[in-house]
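# Examination of the molecular architecture
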Amino acid sequence: RVGHDLAPEQQATNRNSVLKIINCEIRFLTGYICRSFTRSSALLTRTHINYGVRGDVAVIRINSPNSKVNTLSQELHSEFMEVMNEVWSSSQIRSAVLISTKPGCFIAGADLNMLNSCTTSQEVTQISQEAQKMFEKLEKSTKPVVAAINGSCLGGGLELAISCQYRIATKDKKTVLGSPEVLLGILPGAGATQRLPKMVGIPAAFDMMLTGRGIRADRAKKMGLVDQLVEPLGPGVKPPEERTIEYLEEVAITFAKGLADKKITPKRDKGLVEKLTSYALSIPFVRQQIYKKVEEKVRKQTKGLYPAPLKIIDVSLYPILQHLSCFFPLSRTFGELAMTKESKALMGLYRGQTQCKKNKFGAPQKEVKQLAVLGAGLMGAGIAQVSVDKGLQTILKDTTLPALGRGQQQVFKGLNDKVKKKTLTSFERDAMFSNLIGQLDYRGFEKADMVIEAVFEDLNLKHRVLKEAEAVIPDHCVFASNTSALPIGEIATVSKRPEKVIGMHYFSPVDKMQLLEIITTEKTSKDTTASAVDVGLRQGKVIIVVKDGPGFYTTRCLTPMMSEVIRILQEGVGPKKLDSLTTSFGFPVGAATLVDEVGVDVAKHVAENLGKEFGERFAGGSLEMLQQMISKGFLGRKSGKGFYIYQEGVKNKNLNSDMDSILASLKMPSQPDVSSDEDIQYRLVTRFVNEAILCLQEGVLATPTEGDIGAVFGLGFPPCLGGPFHFVDLYGAQKIVDRLRKYEAAYGKQFTPCQLLVDHANNPNKKFYQ
Amino acid sequence: MAPHSSTLAWKIPWTEEPDFRMISLLTYTLKNLPNTSKWALRFCMRPLSSSSQLQAAAASQTKSKKTLAKPNIRNIVVVDGVRTPFLLSGTSYKDLMPHDLARAALSGLLHRTSVPKDVVDYIIFGTVIQEVKTSNVAREAALGAGFSDKTPAHTVTMACISSNQAMTTAVGLIASGQCDVVVAGGVELMSDIPIRHSRKMRKMMLDLNKAKTLAQRLSIISKFRLNFLSPELPAVSEFSTSETMGHSADRLAAAFAISREEQDEYALRSHSLAKKAQDEGLLSDVVPFKVPGRDTVTQDNGIRPSSLDQMAKLKPAFIKPYGTVTAANSSFLTDGASAVLIMAEEKALAMGYKPKAYLRDFMYVSQDPKDQLLLGPTYATPKVLEKAGLTMNDIDVFEFHEAFSGQILANLKAMDSDWFAQNYMGRKAKVGLPPLEKFNNWGGSLSLGHPFGATGCRLVMAAANRLRKEGGQYGLVAACAAGGQGHAMIVEAYPK
């Protein structure tokens, strides 16, 4: 199931919660026996569903054992069917409530393990059909069924909910409704493609299904996705979460009864705009035009790399289904999508992301309560922002008042933007902002549990602040360095306590980029690592932990690719063409634009340093190009000019024509047999992939999973390929080695495939993911 | 602060059209909720404050402490207190300004106590929604009521416990020897509230004021947009959480699993007891008020004992359509003012007064303004009892502010819960339940009305008058307030 490989301590807590659940069930049982009839024999055999009757309302409670979430597994499916058949056949029961007693989760979706264990598309098709049959029966139920939703209601969970006659959701932050299938490269296979447009209108349904965006309860109410909201409760005579679920159930029962008595109708009043839209969409011509528009837009955005969104549009065109037979084409498409490389890559990323959201180093001895950030620049302020909004007390220190003020303003703006988007109230913003203390001195550092320095990338400066900080911080305090390339071991050389020094490489902009790369030296203690991972997780990051070395993992993978970028530019491929080649391969940002974004000076600094370390493997383009750009002040976006010209408020960026002379002066002949569009793409990607695999070979990376997560979440490696390691597994190591050999013959050693990759090519059974 | 502030448009609670569909649903829920009947029975079977006199007299024999007087600290007494009749907003007081009402209370107090005006050292009033023209309403009212212009006055605000704050400020001034005689009171006029221009409009008007040339003025005026004219109302919701108080009360009732039926029953109790007290002439703190241009108002007009059936017909007012808080089981928007005369005991005796009660230990508390907004009494009660060295059994008279039936019942359930005490109050065991036969026996805010700034003085006078009437010794006053704050105070009967 979704993220079930739990650490031992989590299993322990799970056992506890299972015990609690059993207790609850016993209590519920006794309640029912007193109150009304019950079928205890059936109850005892069921593990996912517990069901009882209140008056004439059946209350069906879902709670899958040994799991943090409920997923639509085969067992749950069959138990649900069994229970519903009892409900339908019982003369005493007139309506039903469907609720989860698991905190924070209604049903999180289909059981991914179930999907992954299928080896043929037919098996997947079968699963989809079973689910559709069940939901169709549910939809046609003459006894109204109310879905009482608390927590995540995603994918198959949402499809189940929208097959019910009525939906009541708690207005909790954890209550999210959505169809995230597209993010896994599949489509909603159990009816959402047909029912959602009917329920919320075509535009909103497409928005949900094509973006996978989660909808919060209050918005869902406005859209007509849920019929009633229930406010989460505070403390009473039992824990708030427990009572809230009970209350939700009580409210749902009154509505179920009202529906059965026909005192409530499930129909919703639609606004004028909504009525007009749905009228317009009922005209076939208009509808087709809209589908066409949406399809065009999706094609443009996915560049043909992701089959799922287009298929979603396709199957939505099927008529609203009356017969089971109509479901077949939909199920077949679902089955086919589940077998695609893209889907396997995306599902792999999902699993990897789940793994990288856990602390495999265990809980730190001392939880960080007081954080201090040195340097209020873009990175420092970003780190402060993602800390204070999680309730971490944070000192932000800089050396001058204007620099500090700029950083404080950045934090405030970051929080205030959320107020504007209504994800925070102004009061919550103020409370969060009060966790930030801006200062110019080291006052209060004696109470810090962790210091993260984010000063300029200059070893001497880093040494200075480390020494200054160590003079005041307590013994247990962790010193973390935010750097993209300076080896942590070198920074730690001046430390009195190198076991407490660690690297925390954040990505810019910190509040948007999910990745955190944590770098451990040979001297870094396990507890220091545990502490850094713990802080990172609290900041909401996806974390990879790598060994120290020049460029660590992420920067090291990117640099040879950047070297190739320069080479390709020197060979006369223009920045625009290069950008389009890289984005059409699946990178979110074009290669030339990426240099501008990173900053030409930073790129050169890194390339120089790593070039020294790694020699000819990082050869390719001439650093002279970057040097000349720097001397002309073309530092990229931050200076307004790089390969492109950046102007405030101008959307379409133009090429910087002053670059022409630089490019001309460094021009190199291209070799036609390795310069086709496809070759250019593969020259870039294979160098990236080769370096990533070398990192695993050398032990910089501990697992391929971290390599994939780091590449996709930190560097924008095409998600449809699943990261370098998934890419090798799915595309075939041999093909990549062949490519590399071809380019090696043309250019030299920078393309020599590493041993681990060659091993994989020589043995087709060898996979990074088994 | 305002229980009903989100429903300013309300008229008389039970005149609303019943919605039969929802009621049947609700009654269904109620019948199926566990624990419903326990409370209901207690309310129904409880005799209406008849035998309490005897019980109280008996209890006073076995107090933990004979008196709460403390060595080396001045005894502080309430000589007497009055209030204007509390009226539903929009009725006879609707053309007045807040200081007019406050003036009526002050004049009433002067009349009742015959205190020489120049003896009063200080005047403090509580208020919540401030009239911008009289932001220090205490001073404006005092001048208008004929107090000496040499008597300073200030205004305090602390939501529904504003006049409690006025009284305890007076206690502080007297205990520290700064004053001997202080008038404390409170006022609220919900018939009129300050509705402002929008911030954009105000900014434009202020800029216009500063503009020197015609060109500047024109350029400012050119920025005018029609939406500048949309008005700004006083906050109807908790600032920190954006939740209205009625909404929070409904959630609180749900959190404690309090049914609609229980709430309606409690509200009916409040109205019935208030009616009885009114009919028997027990509400002696009320002074008649001749409203200019209207008839003399002599009594509260919000007391309306109804029937459970009638009350059950109302739709939920906040959480629609299935909530449990309705107009009938909430306190209503009220206009009114109150005032008490507080003195150092020796001063009162020297002036020949026979005081009504001592003001003893008091306590302010605060907690989470979202989920525990109205639980102040639960937190304040045990603290003030412990501070005074008393137990629940020592208290003869309980006067709790009734913002909502659900709020009172939630507080009672919280005080009766070990789980709540252990998990939220850091106590080993529950606070304990105030016996209902000693609880708000002459009605409460639900029935008498709740002018936010004036309720505290009413609670103290109700406690003092009940102690005299019923022969008890200790009274406990408690109230919740917006912002998640609360207050409790011990009132000790002055020996006869």
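No experiment lies behind these values; they were computed from the predicted model shown.

Counting its secondary structure elements, chain B contains 17 helices and 12 strands. For chain B, with 496 residues in total, the buried portion stands at 60%. Within chain B, contacts between residues separated by at least 24 positions form 83% of all contacts whose residues are at least 6 apart in sequence. Roughly 19,100 Å² of accessible area belongs to chain B as shown, and the carbon and sulfur atoms make up 54% of that amount.

Further remarks concern the UniProt feature "domain: 3-hydroxyacyl-CoA dehydrogenase C-terminal" (unreviewed entry) in chain A. Residue and element names in this part refer to chain A. The UniProt feature table records "domain: 3-hydroxyacyl-CoA dehydrogenase C-terminal" (unreviewed entry) at residues 551-646 and 683-762. Taken end to end, residues 551-646 has its terminal C-alpha atoms 29 Å apart, with 61% of it in helix and 2% in strand. Spanning residues 683-762, this segment combines 72% helix with 0% strand, and its end C-alpha atoms are found 21 Å apart.

Turning next to the UniProt feature "site: Important for long-chain enoyl-CoA hydratase activity" (unreviewed entry) in chain A. Residues and elements named next belong to chain A. UniProt marks Glu159 and Glu181 with the feature "site: Important for long-chain enoyl-CoA hydratase activity" (unreviewed entry), using the numbering shown here. Spanning 23 residues, the annotated positions come together in the fold, the maximum distance between their C-alpha atoms being 11.4 Å. Exposure remark for Glu159: the relative accessible area of 3% places this residue in the buried category. Here Glu159 is in contact with Phe135, Glu181, Pro188, Gly189, Ala190, Gly191 and Ala192, once residues within four sequence places are set aside. Secondary-structure assignment places Glu181 in the loop between strand S8 (176-178) and helix H7 (192-200). On the basis of relative accessible area, Glu181 is assigned to the buried category, the value being 7%.

All right, on to the UniProt feature "domain: Thiolase N-terminal" (unreviewed entry) in chain B then. As annotated by UniProt and renumbered to match this structure, "domain: Thiolase N-terminal" (unreviewed entry) occupies residues 76-346 of chain B. Here residues 76-346 of chain B runs as 35% helix and 16% strand, with 9 Å between its end C-alpha atoms.

Glancing now at the UniProt feature "domain: Thiolase C-terminal" (unreviewed entry) in chain B. Following the UniProt record, one finds the feature "domain: Thiolase C-terminal" (unreviewed entry) at residues 353-492 of chain B. In residues 353-492 of chain B, the share of helix is 36% and the share of strand is 23%. The end C-alpha atoms are 17 Å apart.

In this complex, chain B contributes 26 residues to the contact, which on the side of chain A involves 28 residues. Summing both partners gives a buried area of about 2,500 Å² for chain B against chain A, and 66% of it is carried by carbon and sulfur. Joining chain B to chain A, the criterion identifies 0 salt bridges. Counting every contact that joins chain B to chain A gives 3 residue pairs in polar contact (both at pLDDT 80 or more). When residues of the side of chain B that touches chain A are traced back to their parent elements, those giving at least two are helix H1 (20-32), helix H9 (245-255) and helix H15 (418-424) of chain B. With 6 residues, H1 of chain B is the largest single contributor of residues to the side of chain B that touches chain A. Residue composition of the side of chain B that touches chain A, by class: 14 nonpolar, 7 polar and 5 charged.

Residues and elements named next belong to chain A. For the coordinates displayed, the defined rule picks out 73 salt bridges over all chains. For Lys366, the salt bridge identified is with Asp449, shortest N-O distance 3.1 Å. With a gap of 83 residues between them, Lys366 in the loop between helix H15 (341-355) and strand S11 (370-374) and Asp449 in the loop between strand S13 (436-439) and strand S14 (450-453) connect regions that are remote in the sequence. By relative accessible area, which is 43% here, Lys366 ends up partly exposed. A relative accessible area of 6% means that Asp449 is categorised as buried. What emerges from the salt-bridge pattern is a single network uniting Glu564, Arg567, Glu571, Arg683 and Arg687.

Quick notes on the rules
- Residues numbered from 1 in each chain as written.
- Chains lettered and ligands numbered in written order.
- Predicted model: local features only at pLDDT ≥ 70, side-chain atom pairs only at ≥ 80, totals over all residues.
- Heavy atoms only, no water.
- Helix = DSSP H or I, 4+ residues; strand = E, 2+ residues; numbered from the N terminus.
- Buried < 20%, exposed > 50% of the residue type's maximum accessible area, 1.4 Å probe, protein only.
- Contact = heavy atoms within 4.5 Å.
- Areas by Shrake-Rupley, 256 points an atom, 1.4 Å probe, with all protein chains shown as cover.
- UniProt positions renumbered as here; feature names shortened; annotations may be inferred.
- Buried area = accessible area lost by both parts, 1.4 Å probe.
- Salt bridge = Lys/Arg side-chain N within 4 Å of Asp/Glu carboxyl O.
- Polar contact = N/O pair within 3.5 Å; in protein donor to acceptor, adjacent residues only side chain to side chain.
- Nonpolar A, V, L, I, M, F, W, Y, C, P; charged D, E, K, R; others polar.

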